[in-house]
Amino acid sequence: QNMLEGLLIHKPDEPIQYMINHLKQNNDDAPRICILGPPASGKTTIAMWLCKHLDAIRISQETLLFEEILVLTKEAKAYKERKQKIPSALWANLIQERLSNVDCIKQGWILEGFPENQEQAWMLQSSGIIPRHVVVLYAPDTVLIERNIGKRLDPFTEEVYHTTFDWPSDPLVQQRLVKPEDISEQEMSKKLLEYHRNFPGVFQTYQKFLKSINADQPCMDVLSQALTYVQTRHRSAAPFTPRILFCGPPGSGKSLQAALIAQKYSVVNICCGQLLKEAVADKTKLGELVKPYFDNGCPVPDNLVMKILAERLNTLDCVTNGWVLCDFPRDLEQGEQLQKARIIPNR
């Protein structure tokens, strides 16, 4: 899926070579995460913690300005020194350059605090930068303003602390903590106003893989929710043939639910017991072998059941429309036989 996305976005002159290079160097399981939210919502704390847990590379506007090896860093720093706003296009190009490095490709990345508006989100998409998971932190403005006033930064580790909620126990760390710039309540109110004005556009861009998490709760609860979300896999929108297996104890309603599913989604309903009865009634070759077991009230051997079941599941209607199966397997051995026969449900 990622390779196809890249082909559509970049439209390389040599698509075969592009796919070969993608398979050689790309790690489709590596995290690609954006952590967004208003100022003082805890983006840095969450991003750093996820990076440690997932062994991913943390990228923020601050870290990019210290990447001396990047070609565009000097240009961005020049804007910063002139106290001018760095253009969105330059940020997008800087991020694209950083994400093309081997460590980001192999380990994955966590992008903190960017994009800030829909225009920046579109720029990232046009550059082929599409996150798999977007975590958005939120909290009441009054809470964020209070947090911001007590916010302190460790210039060595870039970790964020708070005078009330999260003060470090190490005296050496306490001594080197500094106040961030623009910490006044007035400046914070301006930033919050701008965030609330721009966020709806970002939400619209990423809403299919975005999760909002309340940041006004214990830090470990926020971290746990964020980690759980970024470790989930999104369901593919690609069409597929349903192969559904219903399991459960006797009387749990398997047959009824299977019939309802088959009716709603136009798939073939297969009940193992009924399938054996039909084979006997139709006097098929396998049905003739099953009949003595029915007459004597003995269980039908698994190898016979598997042959009849495999024959039915390989018919054209099952292969084309999909199927829902109940009453089989009933134990681990039967389940292993299904796998050996390459009958593998996807639901």
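Counting starts from 1 at the beginning of each chain's written sequence and moves along it residue by residue. Reporting in this predicted model follows two pLDDT cut-offs: at least 70 for local features of residues, and 80 or more for side-chain atom pairs to be given and counted; totals over whole chains, interfaces and linings ignore these cut-offs and use all residues. To get the side-chain values, all heavy atoms of the structure are used, and hydrogens and water are removed first.

Going by what an unreviewed UniProt entry lists, the chain is known as Adenylate kinase 8 and is assigned to Struthio camelus australis. UniProt positions are given in the numbering used here, feature names are shortened, and annotations may be inferred rather than shown by experiment. Reading the Sequence similarities (unreviewed entry) entry of the UniProt record for the chain gives the comment "Belongs to the adenylate kinase family."

Student: Describe the pairing of strand β1 (residues 32-36), and please don't skip the residues or the numbers.
Tutor: Any residue under 20% of the maximum accessible area for its type is buried, any over 50% is exposed, and the rest in between are partly exposed; the area is computed with a 1.4 Å probe on protein chains only. Here a helix means four or more residues in a row that DSSP labels H or I, a strand means two or more in a row labelled E, and each is numbered from the N terminus. Among the 5 residues of β1, 5 are classified as buried, and the element is accordingly described as predominantly covered. What you see with β1 is no split at all: R32, C34 and L36 on one side and I33 and I35 on the other are buried throughout. When DSSP locates at least two bridges between a pair of strands, those strands are taken to pair. Both β1 and strand β3 (residues 109-112) contribute to a ladder of 4 bridges, which runs parallel. Each bridged residue has a counterpart across the sheet, and for I33 the counterpart in β3 is I110.

Student: So what's going on with the pattern of salt bridges? Which residues, and what values?
Tutor: Any carboxyl oxygen of Asp or Glu within 4 Å of a side-chain nitrogen of Lys or Arg constitutes a salt bridge here. Summed over all chains, the structure comprises 6 salt bridges. Between E159 and K52 there is a salt bridge, with the nearest N and O atoms lying 3.8 Å from each other. With E159 in the loop between β5 (151-153) and β6 (160-162) and K52 in helix α3 (residues 43-54), the pair connects residues that are 107 residues apart, well separated along the chain. Judged by its relative accessible area of 26%, E159 falls in the partly exposed class. Owing to a relative accessible area of 61%, K52 belongs among the exposed residues under this scheme. A salt bridge links D154 to R176, with the shortest nitrogen-to-oxygen separation between them at 2.8 Å. Here the residue D154 occupies a position in the loop between β5 and β6, and R176 occupies one in helix α10 (residues 171-176), the gap between them amounting to 22 residues. Taking relative accessible area as the criterion, D154 reaches 1% and is therefore assigned buried.

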